[in-house]
Amino acid sequence: MAAGKEIRGKIKSVENTKKITKAMEMVAASKMRKAQDRMRAARPYSERIRNIAANLSQANPEYTHPFMIVQENSRKVGVIVVTTDKGLCGGLNTNVLRLVTSKLRELESKGSKIEAVAIGNKGLGFLNRVGAKVVAHAVQLGDTPHLDKLIGPVKLLLDAYQEGQLDAVYLAYTKFINTMKQEPVMEQLLPLSAATLEAGKTSSHTWDYIYEPDANTVIDELLVRYVEALIYQAVAENMASEQSARMVAMKSASDNAGNVIGELKLVYNKTRQAAITKELSEIVAGAAAV
């Protein structure tokens, strides 16, 4: 029964694969809860600092921070691409990279040159394949995003924009909606538009502040922290999306493996039954001949 032995080998192989995907599903489910808690914990800070930045931008209108000035002279654009370090998370990276590809084509059609920062191995590999200029990257972030690892690479684009070397900076990541849905997003990070800051206001009136040491220093520091908070929040959202997508993908893989095992067992039983029937027929034929 060579055919039966081969089918048994396939069944064993698929069963081993199912054990791996089931284990990965359980690990992703465990990490998903922590990633979601971390993402939700960062949201109040982001909302609060956006509210303060919105009030400050109107409380001291005689000073305009470089992040709020529209640049149109350099013909260069910065793009920050946030992806995962590992695969096996469904179409998570594919969707956001498709959005990045569309944006890159749009910018290049306008004659803009691209300078990119990659956060995550998948995004770094993609940018290298398409020939984009990668000025910095941050990979192997682990399960917990650390701001000190993110700020170094991103600061290159922030400083370049502040010096007038970039016209705009865009941020691409996957936004967490719920466990079953994650949405790829491409946002304009710089220049900070008035509409973006206004979205952070919780009331119609504005606050005035006493500045120490002076208004320029306070607004400079605050807007830098605000942009850093947006980037950190994007990475936290992307990590929560990654674990959710991986859990769903591994559950689907485990279910498919179970279906394949059932089909292979059915084929094996049919083959075995055919072999037994053939042997019985040969025995009966031999006895009749005698």
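**Here's the deal with the packing of helix α2 (residues 92-109) against helix α3 (residues 121-129)**
(1) Moving on: Packing of α2 against α3 leaves a shortest axis separation of 11 Å and a crossing angle of 40°. Between α2 and α3, the interaxial angle falls into the category oblique. Note on packing geometry: the crossing formed by α2 with α3 is right-handed. Contact with α2, carried on its side by N93, L97, V100 and T101, involves K122, G123 and F126 of α3 and no other residues of that element.
(2) Moving on: Of the residues assigned to the contact of α2 with α3, the class counts are 3 nonpolar, 3 polar and 1 charged.

**With respect to the side chain of D85**
(1) Moving on: One can find D85 in the loop between β1 (76-82) and α2.
(2) Moving on: Despite being buried, D85 has no salt bridge partner; K86 is the closest side chain of opposite charge, sitting 7.9 Å away.
(3) Moving on: A polar contact of 3.0 Å, which involves the side chain of D85, links it to the backbone nitrogen of L141.
(4) Moving on: Setting aside its immediate chain neighbours within four residues, D85 contacts G120, N121, K122, V139, Q140, L141 and G142.

**Thoughts on the nonpolar core**
For soluble globular proteins, nonpolar side chains are generally found buried alongside one another.
(1) Moving on: In terms of nonpolar packing, the biggest core is built from 38 residues, with F67, I80, I119, V169, L189, L190 and V227 touching the most fellow members.
(2) Moving on: Listed by contribution, the elements that provide at least two residues to this core are α1 (2-59), β1, β2 (113-119), β3 (133-138), α4 (147-162), β4 (168-178), β5 (181-190) and α6 (215-289).
(3) Moving on: Residues within four places of F67 in sequence aside, it is in contact with L158, Y161, Q162, L190, P191, L192, L223, V224 and V227.
(4) Moving on: If you look at the next biggest cluster of nonpolar residues, it comprises 18 residues, including V79, V100, L104 and I114.

**As for the pairing of β3**
(1) Moving on: Alignment of β2 against β3, held across 5 bridges, turns out to be parallel. Residue pairing for β3: A116 is matched across the bridge by V134.

**Thoughts on α2**
(1) Moving on: Between its first and last C-alpha atoms α2 spans 27 Å; for 18 residues at 1.5 Å apiece the expected length is 26 Å, and the two agree.
(2) Moving on: Of the positions making up α2, those classed as buried are L92, N93, V96, L97, V100, K103, L104 and L107. The buried side chains of α2 occupy one side of the element, clustering within an arc of 120° when seen end-on. Exposed and oriented more than 90 degrees from the buried face of α2 are R98, R105 and S109.
(3) Moving on: Elements that come into contact with the buried residues of α2 comprise β1, β2, α3, β4, β5 and α6.
(4) Moving on: Looking at the residues trailing α2, positive phi occurs at G111, about 85°.

**Here's the deal with the sheet that holds β2**
(1) Moving on: Read across the sheet, 5 strands follow the order β3-β2-β1-β4-β5 without closing on themselves; strand pairing throughout is mixed. Looking at the sheet topology across the chains shown, the edges are occupied by β3 and β5. Across the sheet, the axes of successive neighbouring strands diverge by a mean angle of 20°, strand direction being ignored.
(2) Moving on: Across the sheet, α2 lies against β1, β2, β4 and β5, angled at about 35° from β5, the strand it touches most.
(3) Moving on: Running at roughly 145° to β3, α4 makes contact with β1, β2, β3, β4 and β5 of the sheet.

**Some words on a nonpolar patch on the surface**
(1) Moving on: On the surface, I276, L280 and I283 cluster together to form a nonpolar patch covering roughly 280 Å² of accessible area.
(2) Moving on: For I276, the position within the fold is in helix α6.
(3) Moving on: A residue is classified by how much of its surface remains accessible, and I276, at 32% relative accessible area, is partly exposed.

**Quick notes on the pairing of β1**
(1) Moving on: Where burial is concerned, most of β1 is hidden: 6 out of the 7 residues are buried.
(2) Moving on: Bridge count between β1 and β4: 5 bridges; the pairing is parallel. Across the sheet, the residue bridging to G78 is V169, located in β4.

**Digging into the environment of K181**
(1) Moving on: Summarising the element assignment, K181 is placed in strand β5.
(2) Moving on: K181 sits 64 residues away from A245 along the chain, and the two C-alpha atoms are 8.2 Å apart.

**Section: the packing of α4 against α6**
Between two packed helices, both the angle of their axes relative to each other and the distance between the axes serve to describe the pair.
(1) Moving on: Closest axis-to-axis distance for the α4/α6 pair is 10 Å, and the angle between their directions is 125°. The angle between α4 and α6 places the two elements in the oblique class. For the crossing formed where α4 meets α6, the hand is right-handed. Contacts between α4 and α6 involve L147, L150, I151, V154 and L158 from the former and V227, E228, I231, Y232 and V235 from the latter.
(2) Moving on: Partitioned by chemical class, the residues of the contact of α4 with α6 number 9 nonpolar, no polar and 1 charged.

Conventions and cut-offs
- Residues numbered from 1 in each chain as written.
- Predicted model: local features only at pLDDT ≥ 70, side-chain atom pairs only at ≥ 80, totals over all residues.
- Heavy atoms only, no water.
- Axes fitted to C-alpha atoms, helices over the stretch in contact; angles between N-to-C directions.
- Helix = DSSP H or I, 4+ residues; strand = E, 2+ residues; numbered from the N terminus.
- Parallel < 35°, antiparallel > 145°, perpendicular 65-115°, else oblique.
- Left-handed = near helix turned anticlockwise from the far one by under 90°.
- Contact = heavy atoms within 4.5 Å.
- Nonpolar A, V, L, I, M, F, W, Y, C, P; charged D, E, K, R; others polar.
- Buried < 20%, exposed > 50% of the residue type's maximum accessible area, 1.4 Å probe, protein only.
- Lys, Arg positive; Asp, Glu negative; His and termini not counted.
- Salt bridge = Lys/Arg side-chain N within 4 Å of Asp/Glu carboxyl O.
- Polar contact = N/O pair within 3.5 Å; in protein donor to acceptor, adjacent residues only side chain to side chain.
- Core = buried A, V, L, I, M, F, W, Y, C linked by side-chain atoms within 4.5 Å.
- Pairing = 2+ DSSP bridges.
- Expected span 1.5 Å × (residues − 1).
- Arc of directions from axis to C-beta.
- Patch = residues over 30% accessible without salt bridge, like charges linked within 9 Å, V, L, I, M, F, W, Y side chains within 5 Å.
- Areas by Shrake-Rupley, 256 points an atom, 1.4 Å probe, with all protein chains shown as cover.

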